[in-house]
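Residue-level structure breakdown
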Amino acid sequence: MRFEILRLDDVDGSAVDSTVVDAASVNRIVQQAAAVGQRILIRPAESASC
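Heads up: these notes are all about the structure in this document. (Residues numbered from 1 in each chain as written. Predicted model: local features only at pLDDT ≥ 70, side-chain atom pairs only at ≥ 80, totals over all residues. Heavy atoms only, no water.)

1. Remarks on the pattern of salt bridges
The test is simple: The salt bridge definition used is simple: a Lys or Arg side-chain nitrogen within 4 Å of an Asp or Glu carboxyl oxygen. Every helix listed is a DSSP run of H or I at least four residues long, and every strand listed is a run of E at least two residues long, numbered separately from the N terminus.
In total, this model carries two salt bridges according to the counting rule given. Note that Arg-7 is salt-bridged to Asp-17, the shortest N-O span being 3.0 Å. On the criterion of sequence distance, the pair formed by Arg-7 in strand β1 (residues 2-8) and Asp-17 in strand β2 (residues 15-22) is long-range, its members being 10 residues apart.

This is the structure we're talking about:
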């Protein structure tokens, strides 16, 4: 499964940038964000197949 991770602005909470990663990478990214106090939003990535 793939997830979209959005980095959020500290002031208004709007998405600053985003990346799509596999499930194995989510924990590492969450740990990095927590270490620096960065706000992120994680959601399932939209599937390209319809």
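On we go.
2. Brief notes about the pairing of β2
To keep things clear, this is the line we draw: By the convention used here, strands pair only if DSSP detects at least 2 bridges between them.
When β1 meets β2, the two strands line up antiparallel, connected through seven bridges. Bridging across to β2, Leu-6 finds its partner in Ser-18. Linking β1 to β2, which pair antiparallel, is a turn of six residues; within it Gly-13 sits at a positive phi near 75°.

3. What about the nonpolar core?
Here is the rule: Definition used in this section: a nonpolar core is a set of buried Ala, Val, Leu, Ile, Met, Phe, Trp, Tyr and Cys residues joined via side-chain atoms within 4.5 Å. The cut-offs for exposure are 20% and 50% of the maximum accessible area for each residue type, with area from a 1.4 Å probe on protein chains only; residues under the lower value are buried, those over the upper are exposed, and the others partly exposed. In what follows, a contact means two residues having at least one pair of non-hydrogen atoms within 4.5 Å.
In this structure, Phe-3, Ile-5, Val-21, Val-26 and Ile-29 together form the largest nonpolar core, which totals five residues. Setting aside its immediate chain neighbours within four residues, Phe-3 contacts Thr-19, Val-20, Val-21, Ala-23, Val-26, Ile-42, Arg-43, Pro-44 and Ala-45.

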